[in-house]
Amino acid sequence: MKAEYLMRRAFYSFLAFMVSLTLTFVLLHLMPGDYLHSILPYLAEKNPDAARMFREQFGLNRSISEQYLLYVVNVVRGNWGYSFLYGLPVLAVIEEKLRWTLVILFPSTVLSILIGMAVGAYSGWRNGSKTDLSVLNFMIFVGAVPSYWWAMLLILIFGFHLNLFPLGGYASIEALDVGVRISDVLRHAALPVTALTISSVPGTYYLMRNSTLQTTGEEYVLTARSKGLREMEILRHHALKNAMLPMVTVIALELAQMIMGSVFVETIFSWPGLGLLTFEALRVRDLPLLQGIFLMDTLMVIFANIAADLSYPLIDPRVKVGENV
Amino acid sequence: MSILAINDLKVQFPTPEGLVKAVNSVDLELEEGERLGMIGETGSGKTVLGLAVVRLLSGAEVEGNIEYRGKKLLLLDEAEMRKLRGREISVIFQSPNSLNPVLKVGDQIAESIRLVGCSNRQDAKKKAVQAMEAVGMPDAELWADRYPHQFSGGMKERAMIALGLACDPRLIIADEPTKGLDANIKAQVVELIRDVTTDKSLLFITHDLSAAAQICDRIAVMYCGEIVEVGRTEEIFANPLHPYTEGLFRSLPIMGMKAIRGASPSLIDIPSGCRFHPRCDRPCENCAKAHPPLVEAESSPGHLMRCFQHDRG
Amino acid sequence: MSRKSAFSAGLFILGAYILVALLSSVITPYSPTALVGRPLDGPSDTHLLGTNDLGQDIFSRLLYGTRATLIIGLLGALLSVLVSTLVGTVSAYYGGGVDEVITRSVDVLMTLPSFPLLLVLTIFFAPSIFVISGLMGVLGGTQGIRIIRSQVLSLVEANFVYGAKAIGAGDLRIMTRHILPNVLPLATVKFVFAAQRYMLMGVGLGFLGLGDPSVVDWGQMISRAYYNGGFALGLWWWLIPPGIAVTLLSVALALLGYGLEEEIDPRLKRSVAI
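Residues numbered from 1 in each chain as written. Chains lettered and ligands numbered in written order. Predicted model: local features only at pLDDT ≥ 70, side-chain atom pairs only at ≥ 80, totals over all residues. Heavy atoms only, no water.

## Some remarks on the overall build of chain B
Along chain B, the regular secondary structure elements total 12 helices and 12 strands. Each principal axis of the C-alpha atoms in chain B carries an extent, and together these give about 65 × 45 × 40 Å. Taken across its 313 residues, chain B has 54% of its residues classed as buried. Residue pairs at least 24 apart in sequence account for 62% of intrachain contacts in chain B once pairs closer than 6 positions are excluded. Accessible surface for chain B amounts to roughly 13,500 Å². Of this, 49% is attributable to carbon and sulfur atoms. Distance from the positive charge centre (37 side chains) to the negative charge centre (43 side chains) of chain B: 3 Å. (Helix = DSSP H or I, 4+ residues; strand = E, 2+ residues; numbered from the N terminus. Buried < 20%, exposed > 50% of the residue type's maximum accessible area, 1.4 Å probe, protein only. Contact = heavy atoms within 4.5 Å. Areas by Shrake-Rupley, 256 points an atom, 1.4 Å probe, with all protein chains shown as cover. Lys, Arg positive; Asp, Glu negative; His and termini not counted. Charge placed at Lys NZ, Arg CZ, Asp CG, Glu CD.)

In structure tokens:
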């Protein structure tokens, strides 16, 4: 890998963002009625002067290309339009919710990577064994159950029947008096994190299993055996690191999957993050807000990809950023 | 006393296409301190034989008896077998992908050293560097901290040899260590193997006759999963008895590079009678019908071969 | 359970669902949208799974819901496989500039998070099962182009394609007669997995309130049960059946997909190294 490769990836990320921007711009303009009509439906009829001022203020009277440029500049400056639902700048709404999403998205990503990789490595190493096949069948089943159904089952069992965890929200009602306590938030986050983790473990597992399976036929594994290493030592010291190489890029892709899962899980647990915000925006057809969320999701995926690109050389010595192989 | 005695060894691989009979009733003895060359074409079963000794074949059915210093290897449990690997019997593989690409070469050697009881990480690393110096690697300390992809083909093979010698084993199985190397590098590696195995027992698996000649005391020729000729190196070179061995010599560049006609038969569908008869230059009637036994040549004691023609005349 | 029997089980369940979808009007006497009983009645002889908050028969809704889910899953998957096979084949077969443009565009589009994009576009075009399947087909098809392309690429280099070119076969003929049949197994596997994913997504959209308002679907049923008291009151016969229905169908398609994948991918089979 060379610097040129990284430059190209960066350029793709930039292009992807521009494509997202252009898409949202086009959709906003094809929307029936204009922006103004959506926010203040009767203004143009009742007070044309005010409507004209409004249009000038927002640049709605300019040519399409000018409006596009203006839109791009605005987005880059952090002006992502106004939410119909909240009547607030989209970015401000999203920023606040993003934090809550990360509270559950981060731990569940880490957990599902750790669990999926560990179980997948073991399963792939022992491929064809009874353990492998039963784990594989189990994971195929777990992965086939939709995330929203896992979320509901968890609520039904652990929240409703066993009463071990709260049914939803991010803090108890006492928070009004004593303030939001971390332990309380964690208790509320437990089930959503579990639901997200369960639904994304099988994907990681399946890829890691395949990746590990490929290493079992490698010559360095035979060398390791000839040294007299135990099977588990060979897996840990020799196969694992090699099997992880292709996973790095895949995990960035899986984040997109997690984002989808979080929409359902947050909605079901009333967790006040981007996912629940998506649901609310969908319910009232708040297109500007939805598009803002879409842009934010694009940015998250782009950053995950960049992080993957940068971390790849850390585990594969053959790849050095900015250096010829 | 022999360090390794193989009796009636059979190795078969069940595959969807049929049973692959890779090794068929092989008998072989290796004396303590002896260096034996195992010669044959690709697919003759020589590599399978070598790996069967250390029990590193997966998906294979192995029958017969392999005795290492009086221990019946096929009867040992996996843990006992593991203790022999590396410290008593080590394998030197052909190199390009035999080193782990994501681990430093020095660490891979040190890992072996730590297995034999050198628990200190620093000491093991130091010994690994010494092992690399012992195979003639300049700046060993520097190269120990590098990764396999930074090594040239010849250096990788040196590292593999260092790895094989790291725990001072009694028996070394070298599996085509010179395959794919440039001529002058090959010469260096052959010389190195000869020098470092003077006090060891060696099973040198190769398709390279000249390399075997430089290193080995005795040579066994394998064809189609069985030994067709075995004898002292000088004896084999001066007086090859089996037509296949003769063919191998004729195919050498200095002998005119005449390839043996036909191709190696599939190990699923082995020819009846003498396995070599379809490719033989002078087959007799009997060759297609009966399977010749491995017998001592009358002319030279200790020189065994598997051919009717010589038996009779 | 062996792969083979898993595969048959998957096929059997899928067949049963298709049958139910076709025969739902025969099996149940009630229209799924008619108000046929007292609201929130429990299961009884007349209403096998009771009634919902509007007094609609839950069992009928469950049966009729099979249609929307199957249509979205199968149609979406069909479209996406068509898109990826068509574009992937053309891209790999012609190579050069066409290939370059397509590959680069796919690289860029793969970076976009497709689910939020699907939501935005569904809202924009107004939700209907055909709009949703169409969007899924196009968005999902983009993701599959790369896989089909690399498969075709290896075929284009194969001898029989050279042979066909040598005897003067036309491009279209080579693609349809020589390449397509070889891509078909892979495309079939992709189809089954895509059908599973889109079916789950379709039900999910219904749950999020993006279902086609003119049809009965399991997602809308789950959502209604969840938010209108089925969950709070513990009325399991309202909430659980559509969830089980979608889960079972998804498991069946997964079994089918993994069975097929193993069948066509020799790498996943246990092989012997000599």
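There is more to say after this.
## Some words on the overall build of chain C
Along the backbone of chain C there are 9 helices and 0 strands. The order of helices and strands in chain C, counted from the N terminus, is α-α-α-α-α-α-α-α-α. Based on the C-alpha atoms only, the size of chain C along its principal axes is roughly 75 × 45 × 35 Å. For chain C, the proportion of its 274 residues judged to be buried stands at 54%. Within chain C, counting contacts between residues at least 6 apart in sequence, those at least 24 apart form 70% of the total. Total accessible area computed for chain C in this model is approximately 11,900 Å², and 67% of it derives from carbon and sulfur atoms. When the 17 basic and 15 acidic side-chain charges of chain C are each reduced to a single mean position, those positions are 6 Å apart.

## Quick look at the interface of chain A and chain C
The interface is formed by 49 residues belonging to chain A together with 49 residues belonging to chain C. Its largest share of buried area at the contact with chain C, chain A owes to Y12(A), Y148(A) and W149(A), together 14% of the area lost on that side. Counting across the chain A and chain C interface gives 7 residue pairs in polar contact (both at pLDDT 80 or more). Considering only residue class, the side of chain A that touches chain C consists of 35 nonpolar, 12 polar and 2 charged. (Buried area = accessible area lost by both parts, 1.4 Å probe. Polar contact = N/O pair within 3.5 Å; in protein donor to acceptor, adjacent residues only side chain to side chain. Nonpolar A, V, L, I, M, F, W, Y, C, P; charged D, E, K, R; others polar.)

## Considerations on the nonpolar core
Ranked by internal contacts, the top residues of the largest apolar core, which has 139 residues, are I94(A), F115(C), L208(C) and W218(C). In this structure I94(A) touches W80(A), L274(A), L277(A), L289(A), G292(A), I293(A) and M296(A), once residues within four positions along its chain are discounted. Residues L56(B), F151(B), V221(B) and C287(B) belong to the second largest nonpolar core, which totals 98 residues. (Core = buried A, V, L, I, M, F, W, Y, C linked by side-chain atoms within 4.5 Å.)

## Overview of the UniProt feature "domain: ABC transmembrane type-1" (unreviewed entry) in chain C
When the UniProt feature table is mapped onto this chain numbering, "domain: ABC transmembrane type-1" (unreviewed entry) sits at residues 66–257 of chain C. Structurally, residues 66–257 of chain C comprises 84% helix and 0% strand, and the distance from its first C-alpha atom to its last is 20 Å. (UniProt positions renumbered as here; feature names shortened; annotations may be inferred.)

## A few points about the interface of chain A and chain B
Residue-level contacts link 20 residues of chain A with 24 residues of chain B. Summing both sides of the interface, chain A and chain B together bury roughly 2,100 Å²; the carbon and sulfur share of this comes to 59%. On the chain A side of the contact with chain B, S226(A), K227(A) and P317(A) bury the most area, a combined 29% of that side's loss. Viewed at the interface, chain B and chain A are joined by 1 salt bridge. Close ionic contact of E111(B) with K227(A) constitutes a salt bridge, the shortest N to O distance being 2.7 Å. At the junction of chain A with chain B, the criterion picks out 10 residue pairs in polar contact (both at pLDDT 80 or more). (Salt bridge = Lys/Arg side-chain N within 4 Å of Asp/Glu carboxyl O.)

## Quick look at the sheet that holds strand β4 (residues 61–68) of chain B
All names here are of chain B. Pairing is antiparallel across the open sheet formed by 4 strands, whose spatial order is β2-β1-β4-β5. Two strands in the sheet have a free side with no partner beyond their single neighbour: β2 (18–31) and β5 (71–72). Where β4 lies against β5, 2 bridges are found, and the strand directions are antiparallel. Looking at β5, one finds that E67 is bridged to K72. Across the sheet, helix α1 (residues 46–53) touches β1 (2–15), β2 and β4, and the angle it forms with β1 is around 115°. (Pairing = 2+ DSSP bridges. Axes fitted to C-alpha atoms, helices over the stretch in contact; angles between N-to-C directions.)

## Some thoughts on unusual backbone geometry
The backbone of D139(B) sits at a positive phi, close to 50°, despite the residue not being glycine. Structurally, D139(B) is set in the loop between α4 (121–134) and α5 (140–144). Overall, D139(B) belongs to the exposed group, its relative accessible area being 54%. Of note in this structure, A126(C) is not a glycine but carries a positive phi near 70°. Looking at the secondary structure, you find A126(C) in the loop between α4 (114–125) and α5 (129–156).

## Let's talk about the UniProt feature "transmembrane region" (unreviewed entry) in chain C
All names here are of chain C. Per the UniProt entry, the sites bearing "transmembrane region" (unreviewed entry) are residues 6–28, 70–95, 115–139, 198–216 and 236–260 in this numbering. The straight-line gap between the two end C-alpha atoms of residues 115–139 is 9 Å; of that span, 88% is helix and 0% is strand. Segment residues 236–260 splits into 100% helix and 0% strand. End C-alpha atoms: 35 Å apart.

## Observations concerning the sheet that holds strand β7 (residues 171–175) of chain B
Residues and elements named next belong to chain B. In spatial order, the strands read β6-β7-β8-β3-β9-β10-β12-β11; together these 8 strands make up an open sheet with mixed pairing. Among the strands making up the open sheet, the edge pair consists of β6 (89–92) and β11 (295–296). One ladder, built from 5 bridges, connects strand β3 (residues 35–39) with strand β8 (residues 201–206); its direction is parallel. Looking at the pairing, G37 lines up with F204 of β8. Sheet contacts for α1: β3, β7, β8 and β9 (218–223); angle to β8, the most-contacted strand, approximately 150°. Lying over the sheet, helix α6 (residues 153–165) contacts β6 and β7, oriented at roughly 175° with respect to β6.

## Focus: helix α11 (residues 219–226) of chain A
Burial analysis of α11(A) places 6 of its 8 residues in the buried class, which makes it a mostly covered element. Close packing links the buried residues of α11(A) with α6 (90–125), α10 (182–215) and α12 (231–269) of chain A together with α1, β6 and α6 of chain B. Two residues or fewer past α11(A), G228(A) is found with a positive phi of approximately 95°.

## Overview of the pattern of salt bridges
Overall, the coordinates contain 29 salt bridges over all chains when judged by the stated rule. Close ionic contact of E34(B) with R218(B) constitutes a salt bridge, the shortest N to O distance being 2.6 Å. Residue E34(B) is located in the loop between β2 and β3, and its partner R218(B) is located in strand β9; the two are separated by 184 residues in the primary sequence. Each of the two residues, E34(B) as well as R218(B), counts as buried. Put simply, D107(C) and R104(C) hold a salt bridge, and the shortest N to O gap is 3.8 Å. Here D107(C) and its partner R104(C) are both found in helix α3 (residues 96–110), 3 residues apart, which amounts to about one turn of the helix. Take D107(C): its relative accessible area is 17%, and that puts it in the buried class.

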